[in-house]
Amino acid sequence: MTNIFLDTLSGTRKQTPPVWLMRQAGRYLPEYRQVRASEPDFISFCLNPEKAVEVTLQPIDKFNFDAAIIFSDILLVPWAMNRNVRFIPGQGPVLNPLNSVDDLNENDTDQIKNRLAPVAEALTLCRSRLSNDKALIGFSGAPWTIITYMLEGQSSRDFPTARKWMWDNDRQFDMLLDIVTTATIEFLILQAQAGADVLMLFDSWASAVPAHFRQRVVFKPVQRIIETLRGRGIVQPVIGFPKGIGEGLLAYCDQTPVDGVGLDHGVDIAWAAKNLPDHITLQGNLDPLSLIAGGPLMHRAIDHILEAVADRSHIFNLGHGITPETPEPHVHDLMAQIQGRAS
Ligand code: 1CP
């Protein structure tokens, strides 16, 4: 059976591109909210394989997306590293902020395999329930994005503590980057071995890294992650998503061995199609808020993307996560528009 998602990621251009949406399992779906309400603690929800698989498959059943992304969270890595991660309703994630790299225990990274075993179990179960023409995505936060939460202790707009560490605390910052990179590698290997067909690295806050430090903080860790995966026999393709780095995408594509790159909605898609290397599959770019508006403007924005990438391998997606306010009919409209094109 062909899998158009995996074919596209290996470089084959499809007349009708594969589609999935970041945060496709989420609060805009009433059936998600129902399962979510049955498990008040978010971490316990992520670590319940039956429930995680149920919500992972909901958007596939409803919209026939070409890929499922396992329901989990990037903050499970700091949780497994004993950073006391909890999700406070109405506030978001809270962690015990790291004051020094010595706050981490040497064997914290060894805990990944044991403490995150339920994610592996969910992937295996999900793969067994998902049809073979759909891909299953496993994921992790990229080290920088994880570090922002570990140092700030919460979500942040400008990440002042993490950026100060970068400038002031050379040795400690590099040690932290190294430890979190190791943990990320272990988490991705666990997921690949459990049944993920594709791995994605979310660097959601890459935009906050000064361009001066991009190589050290954004590119090098991703390069080490993928090279280590390959050295350890992991063959699954990797999609990187360095959100908000603009022209830095050129160096990202050049210096990291990613198979695909996620484009946020700030990137000019025509520029990306022309300037990013041909062997890299492009993914994303539609502003998630266009799905709230729906109608002709959304349709025009979708056409604009499809036309710009017409000559390249491309996975249709948003520039960031779908928002809870999105009306379901607009997601059906999006699918009809893309899949209605001749294949
Ligand atoms: O109760 C809820 O429903 C809370 C909302 C929610 C959801 C649906 C959170 C809390 N996490 C998730 C699941 C999730 N998170 C998925 C799987 C679902 C899917 O994509 O279909 C994925 C891929 C993530 C990844 C994630 N978590 C990222 C990277 C992607 C991005 O959006 O930039 C980040 C930054 C997080 C952290 C996170 N998780 C949740 C919250 C509230 C936050 C903080 C976000 C912030 O700091 O602004």
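Predicted model only: the values in this text are computed from it and were never measured.

Draft legend 1. The arrangement of the overall build of the protein in detail. For the protein, the count of helices and strands is 16 helices and 9 strands. C-alpha atoms of the protein, sized along the principal axes, occupy 60 × 45 × 40 Å. By sequence separation, contacts in the protein at least 24 residues apart represent 73% of the contacts at least 6 residues apart. Accessible surface, the protein: about 14000 Å² in total, of which carbon and sulfur atoms supply 48%. Here the protein contributes 30 positive and 39 negative side-chain charges, whose respective centroids are spaced 1 Å apart.

Draft legend 2. Structural context of helix α9 (residues 160-168). Those residues of α9 that fall on the buried side of the exposure criterion are A162, W165 and M166. The arc that holds the buried residues of α9, viewed along the axis, is 100°, so those residues lie on one side. Residues of α9 that are exposed and point more than 90 degrees away from the buried face comprise K164 and D168. The inward-facing, buried residues of α9 contact α8 (143-152), α10 (170-194) and α11 (214-231).

Draft legend 3. Up close: the site of the ligand. Looking at the ligand, there are 22 residues lining it, with Y32, R36, Y149, S155 and S204 nearest. Between an oxygen atom of the ligand and a main-chain N or O atom of Q24, the distance comes to 3.0 Å. Taking Y149, its side chain carries an N or O atom lying 2.5 Å from an oxygen atom of the ligand. In isolation the ligand offers 880 Å² of accessible surface; the protein chains occlude 86% of this area. More than half of the atoms of the ligand fall within 2 Å of the grid points belonging to the largest pocket. Of the residues in the shell around the ligand, the class split is 13 nonpolar, 5 polar and 4 charged.

Draft legend 4. Quick look at the layout of surface pockets. Of the volumes computed, that of the largest pocket is approximately 1400 Å³. For the largest pocket, the lining is made up of 38 residues, of which R23, R27, F42, D73 and F87 are closest to its centre. Among the secondary structure elements, those contributing two or more residues to the lining of the largest pocket are α2 (30-37), β2 (86-88), β3 (92-94) and α8. Each residue belonging to the lining of the largest pocket can be placed in one class, and the counts come to 22 nonpolar, 11 polar and 5 charged.

Draft legend 5. Representation of the sheet that holds strand β6 (residues 238-242). Spatially, the 7 strands line up as an open sheet ordered β1-β4-β5-β6-β7-β8-β9, and their pairing is parallel. The open sheet is flanked by β1 (67-69) and β9 (314-315), the only strands paired with a single partner. Sheet analysis places strand β5 (residues 198-203) next to β6, joined by 5 bridges and oriented parallel. The residue bridging F202 from the neighbouring strand is F241, located in β6.

Draft legend 6. The pattern of salt bridges, seen in detail. Counted under the stated rule, the structure contains 12 salt bridges. Where D278 meets R312, a salt bridge forms, and the shortest distance between an N and an O atom there is 3.8 Å. Taken together, the residues span a long stretch of sequence, with D278 in the loop between α13 (269-275) and β8 (281-284) and R312 in the loop between α15 (295-308) and β9 at a distance of 34 residues. In this structure D278 comes out as exposed when scored by relative accessible area, which is 66%. Among the charged side chains, a salt-bridge network with shared partners connects E31, K62 and E328.

Draft legend 7. Structural detail: α11. Relative to the 26 Å expected for 18 residues at 1.5 Å per residue, α11 spans 24 Å between its end C-alpha atoms, a close match to the ideal helical length. The largest bend in α11 comes to about 30°, at K220, with the proline P221 one to four residues further on. For α11, the full list of buried residues reads R214, V217, V218, F219, P221, V222, I225, I226 and L229. Those residues of α11 hidden inside the fold are in contact with α8, α9, α10, β5, β6 and α12 (248-255). At the exit of α11 stands G233, carrying a positive phi of roughly 85°.

Draft legend 8. Main features of unusual backbone geometry. Despite not being glycine, N82 has its phi angle at roughly 65°, a positive value. With respect to the helices and strands, the residue N82 is situated in the loop between α5 (76-80) and β2. Of note, the phi angle at N84 is positive, near 50°, even though the residue is not glycine. The topology assignment puts N84 in the loop between α5 and β2. Classification of N84 as partly exposed rests on a relative accessible area of 40%.

Draft legend 9. Highlighting the packing of aromatic side chains. The tally for this structure, following the rule as stated, stands at 15 aromatic pairs. Between the aromatic rings of Y28 and F63, the centroid separation amounts to 6.4 Å while the plane-to-plane angle is 15°, which identifies the pairing as stacked. Residue Y28 is located in the loop between α1 (4-9) and α2, and its partner F63 is located in helix α4 (residues 49-63); the two are separated by 35 residues in the primary sequence. Here Y28 matches F63 in class, with each residue buried.

Scoring rules and cut-offs
- Throughout, a residue's number is its position along its own chain's written sequence, starting from 1.
- With pLDDT at 70 or above as the cut-off, local features in this predicted model cover only qualifying residues; side-chain atom pairs require 80 or more to be listed or tallied, and sums for whole chains, interfaces and linings still use all residues.
- Based on all heavy atoms of the structure, the side-chain values leave hydrogens and waters out of the count.
- Secondary structure is summarised from DSSP: a helix means a run of H or I of at least four residues, a strand means a run of E of at least two, and numbering begins at the N terminus for each.
- Residue contacts follow a heavy-atom distance rule, with two residues in contact if any of their heavy atoms lie within 4.5 Å.
- Per-residue and other accessible areas follow the Shrake-Rupley method at a 1.4 Å probe size, with only the shown protein chains counted as cover for residues.
- We treat Lys and Arg as the positive residues and Asp and Glu as the negative residues; His and chain ends play no part in the count.
- For the purpose of locating charges, the reference atoms are NZ of Lys, CZ of Arg, CG of Asp and CD of Glu.
- Under the scheme applied here, a residue whose accessible area is under 20% of the maximum for its type counts as buried, over 50% as exposed, and between as partly exposed, the area being computed with a 1.4 Å probe on protein chains only.
- The arc under discussion is defined with respect to the helix axis, by the directions toward the C-beta atoms.
- Proximity is defined per residue: if any heavy atom of the residue lies within 4 Å of a molecule or strand, that residue is considered near it.
- We call two N or O atoms a polar contact when they sit within 3.5 Å, provided that within protein one can donate a hydrogen and the other can accept it, with sequence-adjacent residues counted only if both atoms are side-chain atoms.
- Using protein atoms alone on a 1 Å grid, points that fit a 1.4 Å probe yet trap it form a cavity, whereas open point sets bounded by protein on both sides within 12 Å along at least five of seven lines form a pocket; residues with an atom within 4 Å of a point count as lining.
- To be counted as sitting in a cavity or pocket, a molecule needs more than half of its atoms within 2 Å of that site's grid points.
- Note on residue classes: Ala, Val, Leu, Ile, Met, Phe, Trp, Tyr, Cys and Pro are nonpolar, Asp, Glu, Lys and Arg are charged, and everything else, Gly too, is polar.
- Grid points are joined across faces, edges and corners, and a volume is the space filled by probe spheres set on the points.
- Only when DSSP finds a minimum of two bridges between them are two strands counted as paired.
- Any carboxyl oxygen of Asp or Glu that lies within 4 Å of a side-chain nitrogen of Lys or Arg is treated as forming a salt bridge with it.
- Each residue after the first adds 1.5 Å to the expected span of a helix.
- The term bend refers to the angle at a residue between two fitted axes, each drawn through seven residues, those ending there and those starting there.
- Between the rings of Phe, Tyr and Trp (Trp by its six-membered ring), a pair exists once the centres lie within 6.5 Å; its type follows the angle of the planes, with under 30 degrees stacked, over 60 edge-to-face, and the other angles tilted.

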